[in-house]
Amino acid sequence: MGTGLDNESLAGVLSSLHEFAKRELSDEKLLEWDRTDVCPVDVVRRMYGDELGIQLLFVPSEYGGLGGSTFDVYRTCEAMARVDLGVATSVLATFLGSDPISVGGTPEQRERWLGRIASEGALVAYGATEPSAGSDLGALKTTATPVEEGGQVVGYKLNGSKQWISNGGIADFTTVLANTPKGPSWFVVEKGTAGFSAGRQEEKHGIRLSNTAPLTLEDVYVEADRLIGGVEGQGLVQAQAVFGYTRVMVASFGLGAGWGALDRAIPYSKDRVQGGGPLSEKQGYTHKLVIPRIAWLEAGRSYIEETAELIDAAEGLQGQYNTEGAIAKYVSSEAGNAAAEAAIQALGGYGYVHEYMVEKFKRDVRITTIYEGTSEILEMTIARDRWQLHMKTRGAYYADRAKELDSLHARRPDVGAALAAVALRAAGEVMERCRVGRLTRHQHVLLRLGELIARAECAASFARRAARALDGALHEKADRRFEPPVLAALSRVFAREAALGVAHEGARWVVGAGGVAPGEVESLERAVGTRVALAGQTGLIEDMDRVADALYERARS
Ligand SMILES: Cc1cc2nc3c(=O)[nH]c(=O)nc-3n(C[C@H](O)[C@H](O)[C@H](O)COP(=O)(O)OP(=O)(O)OC[C@H]3O[C@@H](n4cnc5c(N)ncnc54)[C@H](O)[C@@H]3O)c2cc1C
């Protein structure tokens, strides 16, 4: 992907976005559009215009864009989600819609369609999902029938329907996935094409500023040059090619919306006096509703930053780091939901009403565990991929990763690396027990493995990030909200949770699926490291105190 913008230009983009949001997307306006279920199309179009040109970030420079890197896109997506996830979704939809063209388009198609996004600010939609083809896209029913003249295919007739399409009712053009005789393929369909229509905007739980609509295609004729890449049957490969990248985008949405909600709760807790003092001074409040939520979000960020670096260092996007993208999205979107939920609780009754915004964050962030791969599909993706690594290395994969963490711990004993290693070893041990007992024949066990693996890998990633912060070696565009020692404390908080959680939950599913005889439970506990993980909880409260002190700018005695 390349290095993208220089640091100063990224700061410029983020600051323009901030200014634009301050001017055009105030809380009052957002709440009114949310209440009346209005997509502010003119504001979205202005975001694509001279004022902001947000779409330029993901258009390559040869087509008139800025050619942003994955890291640039992560930082920008997080910032957008802190403002409004509905508006951010409109930008995501344009990116997703342009994806098949970027990945599989001919040079002429890229020039034409990516050029239109860059120069005209064209809004795009991505038409993959259908009423009966959601997670399982292979079940799609929309057809593209070749139209021949003199033995040559001159065009296609498209028939079918699409469901839940972001920007569906407002896009200037849509990329539509349809079955050709040689398999699923992408087509560009322009607004106004005969037979192509959008239904009523869906009335949604959240992201109500985003236009989501069903699409109908009735004998829609498109010229042959609208078949992306000019070859039939490449659609699913093209769709998969950028999952790593697009999932980093949605991961950043979860991160941004979660932080957006917490950043309302944190100042509130300083001002709100109950029980003789501000809530920020009540440990039972901060250590339940704030600190663990931050640790989880920042674990997600660690994985996002590592994945973004990997993608940017890679040659192309073709299918690389899809599992890493899945882990980043799974953890960050679940963390974002949990953070927003905690933020409502943190504001009490005020959290439950619209005015204070946190309940809107909660409704909005809900979508991040559904679109671009539901959490359950991601659990399956993660488990299957890492299962293969486990088998290929004869069970050594996580043992080797754990050794790397042990070495890190020897050099940096304060970043939680030893406990992250416990989590990784536990994940490896649980996988091995599942292999021996053939326990993944139970789909639930397979998916729980996905969850445990994601947690263990995020703990490892967080420890590496905390060490880099202490070494002064973070990526130049990395988030620097926390001072390195505080980040290290957060990493330790998360590593403790991961180690105990993976060991305990992993053992639970092994036992639950009949993987051990009753008399062997104790040896299983030893093998997955439950006791070690429990002993590692020493110092947990002190670390949480340390983070709370930093967060609330209190001097430590
Ligand atoms: C607001 C919004 C915007 C969207 N924008 C777009 C867009 O722009 N373009 C587009 O193409 N799509 C879009 N989508 C569609 C979205 O990607 C799908 O909703 C999503 O992929 C899930 O598909 P589904 O809704 O059919 O649910 P299903 O696939 O039917 O899943 C229902 C439930 O079953 C679970 N499940 C599914 N399969 C399995 C399995 N094999 N094993 C275990 N559990 C399983 C899922 O995790 C989920 O919990 C959007 C959706 C929404 C709600």
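Each remark here, short or long, concerns the structure printed above.
Conventions and cut-offs
- Residues numbered from 1 in each chain as written.
- Predicted model: local features only at pLDDT ≥ 70, side-chain atom pairs only at ≥ 80, totals over all residues.
- Heavy atoms only, no water.
- Core = buried A, V, L, I, M, F, W, Y, C linked by side-chain atoms within 4.5 Å.
- Buried < 20%, exposed > 50% of the residue type's maximum accessible area, 1.4 Å probe, protein only.
- Helix = DSSP H or I, 4+ residues; strand = E, 2+ residues; numbered from the N terminus.
- Pairing = 2+ DSSP bridges.
- Phe/Tyr/Trp six-rings, centres within 6.5 Å; stacked < 30°, edge-to-face > 60°.
- Lys NZ or Arg CZ within 6 Å of the ring centre and 35° of its normal.
- Near = heavy atom within 4 Å.
- Polar contact = N/O pair within 3.5 Å; in protein donor to acceptor, adjacent residues only side chain to side chain.
- Areas by Shrake-Rupley, 256 points an atom, 1.4 Å probe, with all protein chains shown as cover.
- Nonpolar A, V, L, I, M, F, W, Y, C, P; charged D, E, K, R; others polar.
- Salt bridge = Lys/Arg side-chain N within 4 Å of Asp/Glu carboxyl O.

(A) Here's a closer look at the nonpolar core. In terms of nonpolar packing, the biggest core is built from 165 residues, with M47, M80, F253, V290, I294 and L405 touching the most fellow members. In terms of residue count, the dominant contributor to this core is helix 15 (residues 443-471) (16 residues).

(B) Structural detail: the pairing of strand 1 (residues 124-127). Neither face of strand 1 is open: one carries V124 and Y126, the other A125 and G127, and all of them are buried. Note that strand 1 and strand 4 (residues 173-180) share 4 bridges and pair parallel. In the sheet register, Y126 faces strand 4, and the bridge partner there is T175.

(C) Representation of the packing of aromatic side chains in the model. Applying the stated criterion across every chain, the model contains 11 aromatic pairs. Ring centres of W259 and F482 lie 6.2 Å apart, and the angle between their planes is 40°; this geometry places the pair in the tilted category. Of the two residues, W259 sits in helix 8 (residues 243-271) while F482 sits in the loop between helix 15 and helix 16 (484-512), which places them 223 residues apart along the sequence. For the pair formed by W259 and F482, the shared burial category is buried. Taken together, the aromatic side chains of F58, F95 and Y245 make up a single cluster linked through ring pairs. Across the ring face of F243, the terminal group of R247 is positioned such that the distance to the ring centre comes to 4.0 Å. The ring of W509 carries R508 above its face, with NZ or CZ at 4.6 Å from the centroid.

(D) Quick look at the site of the ligand. The local shell around the ligand holds 19 residues, among which Y126, T129, S135, T374 and E376 are the closest. Take S135: an N or O atom from its side chain is 2.6 Å from an oxygen atom of the ligand. T374 is positioned with one of its side-chain polar atoms (N or O) 2.6 Å from an oxygen atom of the ligand. The fraction of the free accessible surface of the ligand (970 Å²) that becomes covered by protein chains is 67%. Mapped onto the shell around the ligand, the elements with two or more residues apiece are strand 3 (152-166) and helix 12 (375-392). For the shell around the ligand, the class distribution of residues is 10 nonpolar, 7 polar and 2 charged.

(E) The arrangement of the pattern of salt bridges in detail. All chains considered together, the criterion is met by 50 salt bridges. A salt bridge links R301 to E298; the nearest nitrogen and oxygen atoms lie 3.0 Å apart. With R301 and E298 both in helix 9 (residues 283-313) and 3 residues apart, the pair spans about one turn of that helix. The buried category is assigned to E298, whose relative accessible area is 0%. Here R386 ties to E457 by a salt bridge, and the two come within 2.7 Å at their closest N and O atoms. Here the residue R386 occupies a position in helix 12, and E457 occupies one in helix 15, the gap between them amounting to 71 residues. Here R386 and E457 have matching classes, each one buried. Within the structure, one salt-bridge network assembled from shared partners comprises E78, R82, D263, E298, R301, E305, R465, D479 and R481.

(F) Local environment of the environment of E281. Looking at the secondary structure, you find E281 in the loop between strand 9 (277-278) and helix 9. With 268 residues separating them in the primary sequence, E281 and D549 have C-alpha atoms 9.4 Å apart.

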